[in-house]
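Here is how the chains run, residue by residue.
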Amino acid sequence: MRIQGLVKIKQKELNKWVELLLDHSLQGVKKGDIVLIGGELAAWPLISTLQEKILKAGGMADICLRPPDNERGRVWGAAVARLGQMSNLAAAPRWQRLSNETANKFIEILGMEHRELSRSPAGPLLKRILQLDSELRDICRKKKWVVTMYPTRAFASLEGLPFSRYSNVVLKGSTEPLSKTRSFAQRLISRLSGTKVISVVTRTPRSSRDLNLRIGVSGRRILTDLDGINIPQ
């Protein structure tokens, strides 16, 4: 199935990505597994490949396409936070709770399509949405789950990077063999073990001022999360 306007990623790379998600993060898929996949239409190439691999393994893929104004797979999007009624937010939708309770594995794919549509106004409605969202996520956290991100122009804009460069960074981080990740982490540990101060320099987008955060790490034990489940790690 091809949908116009989606980021083109080679099938070979998608297969590597899916292998990490299913075999490493979810520790495999077997007959009888129900895997809930949440994500926007922009991430369909990855969703489609996941679905195929899950079905071939004897599992079932329950796909939940998120609306483009839905930030990070929340229970409701920005429109509800802006125009909804508190009386309608007594509980999370019954079908969502049932889906979360039925599935035994979860994959959330972050892939914002339109940056301007995801800006939820702060206020009591958003606070209530976040409360309900937390209730649903508590169900997921008791089972095997993973969060990954799909390259989109909106995400590239948020990071202040050209889309091609941002896509390459996300794709490489999502398909790199774990052996290479572990090798790099060990080299980083060796370097940080003799470091006294870490300096993080960022630039504010409006004033273009540089902000320098200095963190003292002398004498600290450096730990890694080489077995982390999220992709990229």
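What this report covers is the structure whose coordinates are included nearby. (Residues numbered from 1 in each chain as written. Predicted model: local features only at pLDDT ≥ 70, side-chain atom pairs only at ≥ 80, totals over all residues. Heavy atoms only, no water.)

**Details of the overall build of the protein**
How we decide: We count a stretch as a helix when DSSP gives it H or I for four or more residues in a row; a strand needs E for two or more, and each element gets its number in order from the N terminus. Burial here depends on accessible area, computed with a 1.4 Å probe over protein chains only, as a share of the maximum for the residue type. Under 20% is buried, over 50% is exposed, and the range in between is partly exposed. Any two residues whose heavy atoms approach within 4.5 Å at even a single point are treated as in contact. Reported accessibility uses the Shrake-Rupley method at a 1.4 Å probe radius. Residues are deemed covered only where the shown protein chains occlude them. By the counting rule applied here, Lys and Arg register as positive and Asp and Glu as negative, while His and the ends of each chain are not counted. Just so you know, the charge point we use is NZ for Lys, CZ for Arg, CG for Asp and CD for Glu.
When helices and strands are tallied, the protein shows eight helices and six strands. In sequence order, the protein lays out its α and β elements as α-β-α-β-α-α-β-α-β-α-α-α-β-β. With the C-alpha coordinates of the protein rotated into their principal frame, the extents come out at 55 × 45 × 35 Å. Looking at the protein as a whole, 39% of its 233 residues are labelled buried. Contacts spanning at least 24 positions in sequence make up 75% of the contacts within the protein whose residues lie at least 6 apart. Split by element, the accessible area of the protein, about 14500 Å² in all, is 52% carbon and sulfur. For the protein, the separation between the mean place of its 39 positive charges and that of its 21 negative charges on side chains is 5 Å.

**Section: the side chain of Glu40**
For the record, the criterion: One side-chain nitrogen of Lys or Arg within 4 Å of one carboxyl oxygen of Asp or Glu is enough to make a salt bridge. Two N or O atoms form a polar contact when they lie within 3.5 Å of each other; inside protein one atom must be a possible hydrogen donor and the other a possible acceptor, and for residues adjacent in sequence the pair counts only when both atoms belong to side chains.
Topologically, Glu40 is positioned in the loop between β1 (34-39) and α2 (44-56). This buried residue, Glu40, is left without a salt bridge; Arg66 holds the nearest opposite charge, at 8.3 Å. Here Glu113 takes part through its backbone nitrogen, which lies 3.1 Å from a polar atom of the side chain of Glu40.

**Observations regarding the packing of helix α4 (residues 94-102) against helix α5 (residues 124-141)**
Selection rule: In this analysis, axes come from line fits to C-alpha atoms, helices being fitted only over the stretch in contact, and the angle between any two N-to-C directions falls in the range 0 to 180 degrees. Between 65 and 115 degrees an angle is taken as roughly perpendicular, under 35 as roughly parallel, over 145 as roughly antiparallel, and anywhere else as oblique. Crossings are assigned a handedness: left-handed for a near helix turned anticlockwise from the far helix by less than a right angle, right-handed for a clockwise turn. Residues are grouped as follows: Ala, Val, Leu, Ile, Met, Phe, Trp, Tyr, Cys and Pro are nonpolar; Asp, Glu, Lys and Arg are charged; all remaining types, including Gly, are polar.
With their axes 9 Å apart at the nearest point, α4 and α5 run at an angle of 15° to one another. Between α4 and α5, the angle falls in the class roughly parallel. Where α4 crosses over α5, the handedness of that crossing is left-handed. Listed contacts from α5 to Gln96, Arg97, Asn100 and Glu101 of α4 are Glu135, Leu136, Ile139 and Cys140. A class-by-class count of the residues in the contact of α4 with α5 yields three nonpolar, two polar and three charged.

**Some thoughts on helix α7 (residues 163-175)**
Test applied: By this rule the span expected of a helix is its residue count minus one, scaled by 1.5 Å. As used here, the arc belongs to the directions running from the helix axis to the C-beta atoms.
Look at α7: 18 Å from first C-alpha to last across 13 residues, which is about the 18 Å you get at 1.5 Å a residue. Among all positions of α7, only Phe163, Tyr166, Ser167, Val170, Leu171, Ser174 and Thr175 are buried. Axial view of α7: buried residues confined to an arc of 140°, hence all on one face. Of the exposed residues in α7, those oriented more than 90 degrees away from the buried face are Arg165, Asn168, Val169 and Lys172.

**Some words on unusual backbone geometry**
For residues besides glycine, phi is generally negative; the peptide bonds are generally trans as well. The peptide bond linking Ile231 to Pro232 adopts the cis configuration, its omega dihedral lying at 0°. Residue Gln27 is not a glycine yet carries a positive backbone phi of 55°. Here Gln27 is to be found in the loop between α1 (11-25) and β1. Overall, the relative accessible area of 59% leaves Gln27 in the exposed class.

These figures capture arrangement, not role.
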